Amino acid sequence: MTEARFPDIAVHDTLPKLLRHNALSHGADVVLREKELGLWRSYTWADYCERARLWAIGLAGLGVGREDTVAIIGDSRPDWVAAAVGAHAVRAMSLGLYQDSLDTEVAYLLTFAGAKVVVAEDEEQVDKILKAVADVPSVQAIVYCDPRGMRKYRDPRLISRDQLFEAARKRAAAEPALWDSLVDQTSGDDPAVLCTTSGTTTHPKLVTIASGRFIRHAAIYCERVDLGPDDEYVSVLPIAWIVEQFQALYQPMVCRHKLSFVESPATMMADLREIAPTFMLLPPRAWEQIAADVRARNMDSSSAKRRMFEWGVRLGLRAVERGRRSGLAQGVAMRALRDRLGFSRLRFATTGGAAMGPETFKFFMAMGVPLLQVYGQTELGGIYCMQRLGAVDFDAVGTGLSPEYKIRIDQPDANGVGEIVAAHPYMFKGYFKNEAATAADLRDGWMHTGDAGFFKPSGQLVVIDRVKDLAVSAAGERFSPQFIENKLKFSPYISEAVIVGHQRAYPAAIVCIRFPIVSKWAEQRRMSFT
């Protein structure tokens, strides 16, 4: 890790410090892009820093200070990341809320976190927040970014972003050293991020993460995958998710890769093609849907194009089986397909959060997309385990990012299956206002994930299911219904599957077909269907 590539993260141990450093050292370089009304708008490091500065001074003017909470709700936009950095600059904690959260969920999180200010993107989110904060006395202000449709509201807590920024400019003019003073006081040991845990059936717990740890964690990841200023990332997932905060909020600060925000989910594929990212992250279902759409469109093409595509896929798959890449397949079909999808410059792509079928994996690798599995938990800073290029195992999720990332299997059975337990120096500080849960899950510095898995002879980790969700057959053998369900869904013809078989002699499956694919299959064979 060199100064030429990364800032000195021992000195610049918070996001405000990193942002100020990058603005001073690389102020004219583009870092953010936002698409609005079909046009891309670019922001330099200097622009990013100025916006974060206004957010920080504006929030300070609203009385936000050390260990207060600033909640942020809305789509992935420059103001999302700038508001988070601004909150950290006044030593407050940022709490990302999912934009599709229900009113009751938002009310619980705002109450539990004691949020003082809520940053809402637009009228839709303001409506939700106003309903949620009716019984949340801690919320003193609601800052909205998009003024459209806001004239009819009269709540005294509402303030527009532009009004907040105007007040911040006046105070900055009167106190020109205020921004630097705020940034200098930030500490990497301060709690900076509150993030909801995933996979819970009751109210989620809030994970507390210190910026210094998260920054070092991001630097190790950037070093592992060799990210730098020439790389491009397109944010399509909610930044409230810990992995997207890792990719969109922290990584750019460390390695200065460019970050682009799509206009909407509906324009995602078109926006990807315009930017052509060099790396990306999508959940397995998104990759599977892209692959299914490609196959469905191919079925609609002419017989000559269909045969050419299928020949190219066969060539590519044969090369993948040999651990190679087919130049002929690329020339026949795959290079053009990658360009059409926006994957023409991908150095690698990642997926995680659920299992993905080997056929989908092989399809994208045959296309020339180096796809890697990743694994992690919110408590461990998101990604801490991933595959290496050239060592892809379709059933596994790889190894720890570095030797500092320890993973073991507790109480393994005869097949080596047990609970996955992990630890590294950059993990969470504990659950917010929940010492009992922290003591239960974090023991002797090891995080007990609740996931079941085992190690392959190669040393790669295989994740099966949640330990509590394992079923037991009538013969007393443990098995994972979800693992079998995922294997079934690897078929392009099956969209969903449910396995039943606990305490039975054998499991049974209920399947739901993937209609677009099955209907094309039936049409080609002149079979009637409804």
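Up top is the structure these notes are about.
Residues numbered from 1 in each chain as written. Predicted model: local features only at pLDDT ≥ 70, side-chain atom pairs only at ≥ 80, totals over all residues. Heavy atoms only, no water.

With that out of the way, let us pick up the overall build of the protein. Helices and strands together make up the secondary structure of the protein, namely 17 helices and 26 strands. Computed over C-alpha atoms, the radius of gyration of the protein comes to 24 Å, within 12% of the 24 Å expected from 2.2 N^0.38 for 530 residues, which places it in the range of a compact globule. Its C-alpha atoms give the protein principal-axis dimensions of about 75 × 55 × 50 Å. Counting every position in the protein, which comprises 530 residues, the buried fraction comes to 57%. Counted over contacts in the protein with a minimum sequence separation of 6, partners at least 24 positions apart contribute 65%. If you average the places of the 64 positive and of the 63 negative side-chain charges in the protein, the two averages end up 6 Å apart. (Helix = DSSP H or I, 4+ residues; strand = E, 2+ residues; numbered from the N terminus. Rg over C-alpha atoms; globule rule 2.2 N^0.38 Å. Buried < 20%, exposed > 50% of the residue type's maximum accessible area, 1.4 Å probe, protein only. Contact = heavy atoms within 4.5 Å. Lys, Arg positive; Asp, Glu negative; His and termini not counted. Charge placed at Lys NZ, Arg CZ, Asp CG, Glu CD.)

Following the criterion strictly, the structure yields 31 salt bridges and no others. The closest approach of N and O atoms between D190 and R91, which form a salt bridge, is 2.7 Å. Of this pair, D190 sits in the loop between α7 (178-185) and β8 (191-196) while R91 sits in the loop between α3 (78-89) and β4 (93-97), and the two are 99 residues apart along the sequence. As far as burial versus exposure is concerned, D190 and R91 are alike and both buried. Ionic pairing is found between D395 and K487, a salt bridge with its closest N-O pair at 3.0 Å. Here K487 lies in helix α16 (residues 481-489) and D395 lies in the loop between β15 (382-386) and β16 (399-400), a separation of 92 residues in the sequence. The partly exposed category is assigned to D395, whose relative accessible area is 36%. (Salt bridge = Lys/Arg side-chain N within 4 Å of Asp/Glu carboxyl O.)

Right, let's get into helix α9 (residues 242-255). Between its terminal C-alpha atoms α9 stretches 18 Å, which fits the 20 Å expected from 14 residues at 1.5 Å a residue. Of all bends in α9, the biggest is about 30 degrees, found at L249, and the proline P252 comes one to four residues later. When you tally the buried positions in α9, you get 14 out of 14 residues, the bulk of the element. Where α9 terminates, the next one or two residues include R256, which has phi positive at roughly 65 degrees. (Expected span 1.5 Å × (residues − 1). Bend = angle between axes of the 7 residues up to and from the residue.)

The subject of this paragraph is the pairing of strand β1 (residues 30-36). In terms of burial, β1 is a largely internal element, five of the seven residues being buried. Bridging between β1 and strand β2 (residues 39-44) involves six bridges; their strand directions are antiparallel. Paired with L32 across the strands is Y43, a residue of β2. As consecutive antiparallel partners, β1 and β2 are separated by two residues, and within that stretch L37 has a phi angle of approximately 55 degrees, a positive value. Pairing between β1 and strand β11 (residues 258-261): three bridges, direction parallel. Its bridge partner being in β11, R33 is matched across the sheet by S260. (Pairing = 2+ DSSP bridges.)

A few words now on the packing of helix α1 (residues 15-26) against α3. The N-to-C vectors of α1 and α3 enclose an angle of 115 degrees; their axes lie 8 Å apart at closest approach. The orientation of α1 with respect to α3, classified from their angle, is roughly perpendicular. Here α1 contributes L15, P16 and L19 to the contact with α3, which in turn contributes V85, H88 and A89. A breakdown of the residues in the contact of α1 with α3 according to their chemical character gives five nonpolar, one polar and no charged. (Axes fitted to C-alpha atoms, helices over the stretch in contact; angles between N-to-C directions. Parallel < 35°, antiparallel > 145°, perpendicular 65-115°, else oblique. Nonpolar A, V, L, I, M, F, W, Y, C, P; charged D, E, K, R; others polar.)

To continue, consider the side chain of S235. Position of S235 relative to the elements: it lies in strand β10 (residues 232-235). Using a relative accessible area of 1% as the deciding quantity, one classes S235 as buried. Side-chain polar atoms of S235 contact the side chain of E244, separated by 2.6 Å. With near-sequence residues (within four places) excluded, S235 lies in contact with S76, E244, A248, L259, S260, F261 and V262. (Polar contact = N/O pair within 3.5 Å; in protein donor to acceptor, adjacent residues only side chain to side chain.)

Strands sit in the order β2-β1-β11-β10 across an open sheet of four strands; the sheet is mixed. One side of each edge strand has no neighbouring strand; the edge strands of this open sheet are β2 and β10. Each strand axis lies, on average, 20 degrees off the axis of its neighbour in the sheet, ignoring direction. Its contacts with the sheet place helix α2 (residues 45-61) against β1 and β2, and it is angled at close to 80 degrees to β2. Of the strands in this sheet, β1, β2 and β11 are in contact with α3, which crosses β1 at around 135 degrees.

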